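The residues making up each chain are set out below.
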Amino acid sequence: MKCLLIASESAEMLFYWTDLEFQQNIQKQYGASQEEGHEFPAFEDSISTLFAPIIISFSTMVTEADSYTSFTTENNHIYVLHQFDECLYIAVNGDGEEKEEDLRRKIYVMNKMIEVLFGMVTLSGNLLRKELRARDTEQRLRLWKHLQSLLETYSHLRENDQSFLVEAVERLIHPTLCEQCIEFLERRLVQQINSSVERGGEEVLHAFILVHTKLLAFYSSRNASILSTSDLLALIIMAQNMYPSNVDVDDPSPEVQSVFILSFCALCLKDIDSTSGSGHESFYTPEPSPTDKDSSTFCLCVTLTQCETHCIQMAEDSLSTLEVYPPDPATPHKVFLEVSQKDGLYPMMPHSMYCLKLWPGITLVLLTKFPHSGVAMSVYTFWEAFAKLEKRLNEGQGGSTRGQPMHEVRSKLDKFLKTLSSQLQNVWTEFKNRAFSRGGPGFSRDLILWCKNMKTQLCGIYRQCFLSDSGPDDTPRHLSPGLRERAQTMVQEQLMDWKDFLLVKSKRNITMVSYPLSDFPGLVHFICVDRSSGQMIAPSLSITERTTSELGKGPVAQYIKNKMWSLVSTTRHYLQKGYSTLTLRDGDFYFCYFLWFENETGFKLEAKDIPIMPDDSAPIGMLAQNYYRKLLRYYSKNHPGETVKCYELLTVHLGVIPTEIILQHCRQLASKLWEPSRNPLL
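Given the structure is predicted, the values throughout are model-derived calculations rather than measurements. (Residues numbered from 1 in each chain as written. Predicted model: local features only at pLDDT ≥ 70, side-chain atom pairs only at ≥ 80, totals over all residues. Heavy atoms only, no water.)

1. Here's the deal with the overall build of the protein chain
In step 1: Counting its regular elements, the protein chain contains 20 helices and 16 strands.
In step 2: Sorting the 682 residues of the protein chain into buried and exposed places 54% on the buried side.
In step 3: Put simply, of all contacts in the protein chain between residues at least 6 apart along the chain, 73% involve residues at least 24 apart. (Helix = DSSP H or I, 4+ residues; strand = E, 2+ residues; numbered from the N terminus. Buried < 20%, exposed > 50% of the residue type's maximum accessible area, 1.4 Å probe, protein only. Contact = heavy atoms within 4.5 Å.)

2. Focus: the pairing of strand β2 (residues 13-18)
In step 1: The element β2 is largely enclosed, with a buried count of 6 among its 6 residues.
In step 2: Relative to β2, strand β1 (residues 2-8) runs antiparallel, the two being bridged by 5 bridges. Bridge pairing in β2 links C3 to T18.
In step 3: Hairpin connection from β1 to β2: 4 residues lie between these consecutive antiparallel strands, with A11 at a positive phi of about 70°. (Pairing = 2+ DSSP bridges.)

3. With respect to the packing of aromatic side chains
In step 1: Applying the stated criterion across every chain, the model contains 27 aromatic pairs.
In step 2: Residues F84 and Y108 carry aromatic rings whose centres are separated by 5.3 Å and whose planes lie at 85° to one another, so their mutual orientation is edge-to-face. Placement of F84 in strand β4 (residues 78-84) and of Y108 in helix α3 (residues 100-118) is noted, with a sequence separation of 24 residues between them.
In step 3: Look at Y108 and you get buried, because its relative accessible area is 7%.
In step 4: Centroid distance W498 to F501: 5.5 Å. Interplanar angle 70°. Geometry classified as edge-to-face.
In step 5: F501 gets classed as buried once you look at its relative accessible area, which sits at 11%. (Phe/Tyr/Trp six-rings, centres within 6.5 Å; stacked < 30°, edge-to-face > 60°.)

4. Quick word on the sheet that holds strand β5 (residues 87-93)
In step 1: Spatial strand order, β2-β1-β5-β4-β3: 5 strands in an open sheet with antiparallel pairing. Edge strands, defined here as strands with exactly one partner in the open sheet, are β2 and β3 (70-72). Each strand axis lies, on average, 10° off the axis of its neighbour in the sheet, ignoring direction.
In step 2: Packing against the sheet, helix α2 (residues 43-63) makes contact with β1, β2, β3, β4 and β5, and its axis sits at approximately 115° to β2. (Axes fitted to C-alpha atoms, helices over the stretch in contact; angles between N-to-C directions.)

5. Some points on helix α15 (residues 448-466)
In step 1: In this model α15 runs 27 Å from its N-terminal to its C-terminal C-alpha over 19 residues, within 8% of the 27 Å that 1.5 Å per residue would give.
In step 2: Those residues of α15 lying buried are I448, W450, C451, M454, K455, L458, C459, I461, Y462, C465 and F466. (Expected span 1.5 Å × (residues − 1).)

6. As for the sheet that holds strand β8 (residues 214-220)
In step 1: Pairing within the open sheet is antiparallel, and its 5 strands lie in the order β8-β7-β11-β10-β9. Looking at which strands have only one partner, the edges of the open sheet turn out to be β8 and β9 (333-341). Strand after strand, the sheet turns through a mean of 30° between neighbouring axes, direction not considered.
In step 2: For β9 and strand β10 (residues 344-359), the ladder comprises 8 bridges, and the chain directions are antiparallel. For L337, the partnering residue across the bridge sits in β10 and is M349.
In step 3: Here helix α8 (residues 229-242) sits on the sheet and contacts β7 (203-211), β8, β9, β10 and β11 (362-369); the angle it forms with β9, its principal contact strand, is near 165°.

7. Re the packing of helix α5 (residues 137-160) against helix α18 (residues 555-576)
In step 1: Their axes nearest at 10 Å, the elements α5 and α18 cross at an angle of 105°. With respect to their mutual orientation, α5 and α18 come out roughly perpendicular. Contacts between α5 and α18 involve R158, E159 and N160 on the former and, on the latter, K561, W565 and R572.
In step 2: The residue makeup of the contact of α5 with α18, split by class, is 1 nonpolar, 1 polar and 4 charged. (Parallel < 35°, antiparallel > 145°, perpendicular 65-115°, else oblique. Nonpolar A, V, L, I, M, F, W, Y, C, P; charged D, E, K, R; others polar.)

8. Topic: the pairing of strand β12 (residues 523-530)
In step 1: Counting buried positions along β12 yields 8 of 8 residues, so the element is predominantly enclosed.
In step 2: Inspection of the sheet shows β12 paired to strand β16 (residues 644-654) by 7 bridges, in the antiparallel sense. Paired with I527 across the strands is L650, a residue of β16.
In step 3: Pairing between β12 and strand β13 (residues 535-537): 3 bridges, direction antiparallel. Its bridge partner being in β13, V529 is matched across the sheet by M536.
In step 4: Adjacent in sequence and paired antiparallel, β12 and β13 are bridged by 4 residues, among which G534 carries a positive phi angle near 75°.

9. Brief notes about the pattern of salt bridges
In step 1: Applying the stated criterion across every chain yields a total of 27 salt bridges.
In step 2: The shortest N-O distance in the salt bridge between R142 and E138 comes to 3.0 Å. With R142 and E138 both in helix α5, this residue pair falls 4 residues apart, about one helical turn.
In step 3: The exposure class assigned to R142 is partly exposed, which follows from its relative accessible area of 31%.
In step 4: A salt bridge links E390 to K455; its shortest N-O distance comes to 2.7 Å. Pair noted here: E390 is in helix α12 (residues 373-394) and K455 is in helix α15, with a separation of 65 residues, a long-range link.
In step 5: By relative accessible area, which is 7% here, E390 ends up buried.
In step 6: Residues joined by salt bridges that share partners form a network here, namely E12, E44, R129 and R133. (Salt bridge = Lys/Arg side-chain N within 4 Å of Asp/Glu carboxyl O.)

10. Overview of the packing of α5 against α8
In a pair of packed helices, the angle between the axes and the distance between the axes together describe the arrangement.
In step 1: The N-to-C vectors of α5 and α8 enclose an angle of 105°; their axes lie 9 Å apart at closest approach. On the basis of the axis angle, α5 is roughly perpendicular to α8. On α8, the residues touching H146, S149, L150, T153, Y154 and L157 of α5 are I237, M238, Q240 and N241.
In step 2: Class assignment for the residues of the contact of α5 with α8 results in 5 nonpolar, 5 polar and no charged.

11. Some points on helix α14 (residues 423-435)
In step 1: Here α14 spans 19 Å end to end across 13 residues, near enough to the 18 Å set by a 1.5 Å rise per residue.
In step 2: Among the residues making up α14, those that are buried are L424, V427, W428, F431, K432 and A435. End-on, the buried residues of α14 take up no more than an arc of 140°, which puts them together on one face. (Arc of directions from axis to C-beta.)

12. Some points on unusual backbone geometry
In step 1: Even without being a glycine, A11 presents a positive backbone phi close to 70°.
In step 2: Relative to the helices and strands, A11 resides in the loop between β1 and β2.
In step 3: Accessibility expressed as a relative area gives 18% for A11, which makes it buried.
In step 4: Phi is positive for D85, which is not a glycine, with a value near 55°.

13. Notes on the side chain of K561
In step 1: Considering the arrangement of structural elements, one finds K561 in helix α18.
In step 2: The class for K561 is buried, based on a relative accessible area of 9%.
In step 3: Setting aside residues no more than four positions away along its own chain, K561 makes contact with E159, N160 and L541.

14. Focus on the nonpolar core
In step 1: By size, the foremost hydrophobic cluster in this structure holds 119 residues, and its most contacted members are F51, I90, M238 and F431.
In step 2: Setting aside chain neighbours within four positions, we find F51 in contact with C3, L5, F22, Y79, I90 and V92.
In step 3: A538, M564, F597 and I620 belong to the second largest nonpolar core, which has 34 residues in total. (Core = buried A, V, L, I, M, F, W, Y, C linked by side-chain atoms within 4.5 Å.)

15. Some thoughts on the confidence of the model for the protein chain
In step 1: Per-residue confidence for the protein chain gives a mean pLDDT of 82, with 80% of residues at or over 70.
In step 2: Taken together, the stretch residues 676-682 has pLDDT below 50 and engages in 21 contacts with residues farther than four places along the chain or on a different chain. (pLDDT = per-residue confidence, 0-100.)

Here you go:
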């Protein structure tokens, strides 16, 4: 019983997703009320009717400054609501599988994916409504199916993949191969593409190779901004949505897996004997977080069937059901990502994403810079100036002195508009007459409406330049199909001999064999996260028909997996309350969580109180809202001139191990995990 929808303030449906149980419940509820001989109402009409009172109630309460963010009905259905600008998100769960925090996280992730797909258009409710609810029925249905599929892909990854559980990127640990791939991406692939006449004016900024959800190699060109962890996780979701991983189908045969696994074990045991506990030289046979995708394909197929049979018919169109085909994954996708420059941070800047399938389970992703991307930076700079002015005016901080920075914006915007012919010029002229002329009202509250108009017009320019099929000069701006095919072939030739190894390696990335019983007796499982770089390390918990973790396929492995998911949820709850350390005993197991800070030399910094967050705040993580970036800024205030790093460690021990030994293990494990020899190069 799950549902997520987006609605406008006027209760107009902009997007919805439901599972089969929720859909059947709606049909049963509204089908029973239909008179005999009347047609069954369109599903969108039914769901609009169901949620209209809630939407109207929420909008009314917001107007009266007495809003609510969640409620539970008599039948224990949980509703979570959150408003982003003019769009209201509502998430519902009625089967008890999701808590309020899970629903809030799902809302924020959905908003993140929409920002990645539409960029600055999300800053204008009116323009976003036009995108989400296009007049063309087929276009709207195609978009809704795409968003529904992205949401299901994320939900599947979060339920099965440890990297999405803790919202950090997992690297395939093989330093030699990683370095070779990075060198290949830099010196051959990216250089050849960027020097080609077939690149359509685009420039490759980032190139990376994924094995399922794990990062094999990542290269950024010298003039590229750092790709944030939030954006990288969103791109991995999109790549998985285009080419869903089916572990049992994608991975090599059991015979091939056995050969690799036996080789791994032999090398590990040999290494343990030869090093006598010396961690620096121990063989590293990492095993990944679970990517149990057995239900992925089935889940997606069920959704498409639901959409084709129920969700496609739109109430106002009076059309028969349309068959809408998904977009070709090989075509470039426009994505809007964060760019960091010397003069500031620019969110939602336009890029093209090329997702090239090398083999099942292995994907090459290219991120290119749009021609005229400087226009996007200028538009955002102007939008931010008017947003800040609007905020000051709303706070009653008007006056000529406060308007002084706008004089700089005035000259720059005048020059910018000389190259454009749009409604923005008329609105800007009216704004100048009111703000800068002697007879005008000046910088008073009367300008608030005109600030809103300027922001909307700027978003309109952004939409015209970067969401249309061609750029401002109507020239093609994509890598040619031939160039893409050659890039795909080059990488395939480079990795041909490694293909089967990589697929097995993704299942055996980090193994507990690498952490011998003599060093860590009683250690069952752990997850360690470097929140500064957004990377994580964890032994596998993957449980499929053909692949198992060291805990096997039975109830023990499933129990540990369930407990780890529960532990992460518990730690986030206490972290939100300001606690950075947590230890608890559950049956035969002992669980620990630690969050701490270090400087760049590895010296642990003195603990400091962590800010307490309200219950309805953004979920803790790095995908939707980067809580840890804000936490690092907060902590760095007391350490000026130092590079502060943040780490998290979660461990599971057998309960018979004394507490003091467990704490000692945690300290030793934390220092061992991030040894230089164990870190692949970025």
